[in-house]
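# Understanding the architecture of this molecule
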Amino acid sequence: MKVLSDFVLRLLTRSTMARWSPIPLRLIVGYGFMQHGFAKLSKGPDMFAAILQGMGVPAPQLMAWLTILTELLGGVAVLLGAFVTIVSVPMTAVLLVAMFKVHLPYGFSSIKLLAVTATGAKFGPVGYEVILLYIACLAALVIGGSGPFAVDGLVRKRFEARPSTIRGPAAVVR
């Protein structure tokens, strides 16, 4: 019985469980970005470019495609835990542009209940709360790592396992 209780205690301790915390972050951030990219792609990049042009974004066609590719490829990369530090930079840029160009005038809250009708709840424009949550999740993944089952971890292990190619006095001789 003691063995079982020790096992459960070790399993539930913060340090053991903490290593798994990046996985739900990767799943929701990666999936969320991919969904936004797919939505823009399915409605047509030209429609998104027209929206960007209306907001005064320079080179709207180029920026539409860069945003869509950032959301799709960045989402996949985060989902897989691949190159998270690198892809977080353009992903954060997309989020900041969305926050300052679209969401900032509507305040912080992402939920603005206007009315409840027979067809359901009606909501107003979304604030920047969700944008900040995405940025916080990306920052947590960059600072704390991608966690288990991440491509970044596999790449790091493979790189560390390679024999040193350094020659000269700094090389370790066996």
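Here, the structure is the one placed above.
As a starting point, this report considers the structure included with it. (Residues numbered from 1 in each chain as written. Predicted model: local features only at pLDDT ≥ 70, side-chain atom pairs only at ≥ 80, totals over all residues. Heavy atoms only, no water.)

### Quick word on unusual backbone geometry
The backbone of Phe83 sits at a positive phi, close to 55°, despite the residue not being glycine. Checked against the element boundaries, Phe83 lands in the loop between α5 (60–80) and α6 (84–103). Judged by its relative accessible area of 47%, Phe83 falls in the partly exposed class. One non-glycine residue, Phe149, lies in the positive phi region at around 60°. Turning to its location among the elements, Phe149 is positioned in the loop between α7 (129–144) and α8 (151–161). (Helix = DSSP H or I, 4+ residues; strand = E, 2+ residues; numbered from the N terminus. Buried < 20%, exposed > 50% of the residue type's maximum accessible area, 1.4 Å probe, protein only.)

### Focus on the packing of helix α3 (residues 22–43) against α7
At a minimum axis distance of 10 Å, the contact between α3 and α7 shows a crossing angle of 130°. The angle between α3 and α7 falls in the class oblique. When the axes of α3 and α7 are compared, the crossing they make is left-handed. On α7, the residues that touch Pro22, Leu25, Arg26, Ile28, Val29, Gly32 and Phe33 of α3 are Tyr134, Cys137, Leu138, Ala140 and Leu141. The class makeup of the residues in the contact of α3 with α7 is 10 nonpolar, 1 polar and 1 charged. (Axes fitted to C-alpha atoms, helices over the stretch in contact; angles between N-to-C directions. Parallel < 35°, antiparallel > 145°, perpendicular 65-115°, else oblique. Left-handed = near helix turned anticlockwise from the far one by under 90°. Contact = heavy atoms within 4.5 Å. Nonpolar A, V, L, I, M, F, W, Y, C, P; charged D, E, K, R; others polar.)

### Brief notes about the side chain of Thr70
Counting through the fold element by element, Thr70 comes out in helix α5. Setting aside its immediate chain neighbours within four residues, Thr70 contacts Gly75, Pro90, Met91 and Val94.

### Side note on the packing of helix α4 (residues 45–54) against α5
Contact geometry of α4 with α5 gives a least axis separation of 8 Å together with a crossing angle of 120°. Considering their axes alone, α4 and α5 lie oblique with respect to each other. Between α4 and α5 lies a crossing of right-handed hand. Taking contact as the criterion, the partners of Pro45, Asp46, Phe48, Ala49, Leu52 and Gln53 in α4 are, on α5, Pro60, Gln61, Met63, Ala64, Trp65, Thr67 and Ile68.

### What to know about the environment of Ala50
Topologically, Ala50 is positioned in helix α4. The exposure class assigned to Ala50 is partly exposed, which follows from its relative accessible area of 46%.

### Regarding the nonpolar core
As a rule of thumb, soluble globular proteins bury nonpolar side chains together. Core analysis: the biggest nonpolar cluster contains 15 residues, and Val29, Phe33, Val78, Met91, Leu95 and Leu138 have the highest contact counts within it. Contributing elements (two or more residues each) for this core: α3, α5, α6 and α7. Apart from residues lying up to four places away in sequence, Leu138 is in contact with Val29, Phe33, Val78, Ser88, Met91, Thr92 and Leu95. Core analysis: the second largest hydrophobic core is formed by 5 residues, Phe48, Ala49, Leu52 and Val57 among them. (Core = buried A, V, L, I, M, F, W, Y, C linked by side-chain atoms within 4.5 Å.)

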